[in-house]
Amino acid sequence: MQFPIHKLDIRACKFFYAFINILGDPDYYTKFDYQIVSKFNIRAPFDVPDEAFMIKPLVADGLKDVSGIIKYPKAFE
C-alpha cells in the first residue's frame, strides 16, 4: 500500500512542522514542490547526492533563517 504524499504534508502540519525534508528521486518529488536543500544552505548529516536531498516549506517563511545540517532523531542514526 502506498502512502499518498499529500497525507505527509497534512500530518506534518498537524505537528506544527515548518518544513519536510526527504531523500528521494528529484524527478518525482519536485512534482510536489520539493526543492534541493543546498539551495537553502542546508546539508544532510551523511553523504548523499545533492539532487536527491530535498526540502519543502509547509508554512510561509518556513525556511527563513534555517541553515546548517539537518538533525534527525536518534531512531534514524
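The preceding data block contains the structure.
Residues numbered from 1 in each chain as written. Predicted model: local features only at pLDDT ≥ 70, side-chain atom pairs only at ≥ 80, totals over all residues. Heavy atoms only, no water.

Peer 1: For this particular structure, what's the right way to read the overall build of the protein?
Peer 2: For the protein, the helix and strand inventory stands at two helices and five strands. Starting at the N terminus and ending at the C terminus, the protein contains elements arranged as α-β-α-β-β-β-β. The globule rule puts the C-alpha radius of gyration for 77 residues at 11 Å, and the 12 Å found for the protein is close to it. Summarising its shape, the C-alpha atoms of the protein cover approximately 30 × 25 × 25 Å along the three principal directions. Considering the protein as a whole, with its 77 residues, one finds that 26% of them fall into the buried category. On the protein, roughly 5,900 Å² of surface is accessible, and the fraction owed to carbon and sulfur atoms is 57%. Averaging the locations of the 10 positively and 10 negatively charged side chains of the protein gives two centres separated by 9 Å. (Helix = DSSP H or I, 4+ residues; strand = E, 2+ residues; numbered from the N terminus. Rg over C-alpha atoms; globule rule 2.2 N^0.38 Å. Buried < 20%, exposed > 50% of the residue type's maximum accessible area, 1.4 Å probe, protein only. Areas by Shrake-Rupley, 256 points an atom, 1.4 Å probe, with all protein chains shown as cover. Lys, Arg positive; Asp, Glu negative; His and termini not counted. Charge placed at Lys NZ, Arg CZ, Asp CG, Glu CD.)

Peer 1: Looking at this structure, I do not really get the packing of aromatic side chains. What am I missing?
Peer 2: Aromatic ring pairs are described here by two measures, namely the spacing of the ring centres and the angle between the planes. Inspection of every chain in the model, using the stated rule, returns six aromatic pairs. On the numbers, 6.4 Å between centres and 40 degrees between planes, the contact of F15 with Y17 is tilted. Taken together, a centroid distance of 5.7 Å and an interplanar angle of 80 degrees make the contact between Y29 and Y34 edge-to-face. Summarising the burial analysis for this pair, Y29 and Y34 share the class buried. Chaining the aromatic ring pairs together yields one cluster made of Y28, Y29, F32 and Y34. (Phe/Tyr/Trp six-rings, centres within 6.5 Å; stacked < 30°, edge-to-face > 60°.)

Peer 1: Got a minute to help me understand the environment of F19 in this structure?
Peer 2: Counting through the fold element by element, F19 comes out in strand 1 (residues 19–23). Distance from F19 to Y34, taken between C-alpha atoms, is 9.9 Å for residues 15 residues apart in sequence. Setting aside residues no more than four positions away along its own chain, F19 makes contact with I55, K56, P57, L58, G62, L63, V66 and I70. (Contact = heavy atoms within 4.5 Å.)

Peer 1: Could you clarify how one ought to interpret the layout of surface pockets in this entry?
Peer 2: Empty space left among the atoms is revealed by rolling a probe the size of a water molecule over them. Space inside the largest pocket adds up to approximately 560 Å³. Along its surface, the largest pocket is lined by 17 residues, and Y17, I20, N21, Y72 and F76 are the ones closest to its centre. At five residues, strand 1 tops the list of elements feeding residues into the lining of the largest pocket. Class assignment of the residues belonging to the lining of the largest pocket gives a composition of 14 nonpolar, one polar and two charged. (1 Å grid on protein atoms, 1.4 Å probe; cavity = no way out; pocket = protein on both sides within 12 Å on 5 of 7 lines; lining within 4 Å. Points joined across faces, edges and corners; volume = space filled by probe spheres on them. Nonpolar A, V, L, I, M, F, W, Y, C, P; charged D, E, K, R; others polar.)

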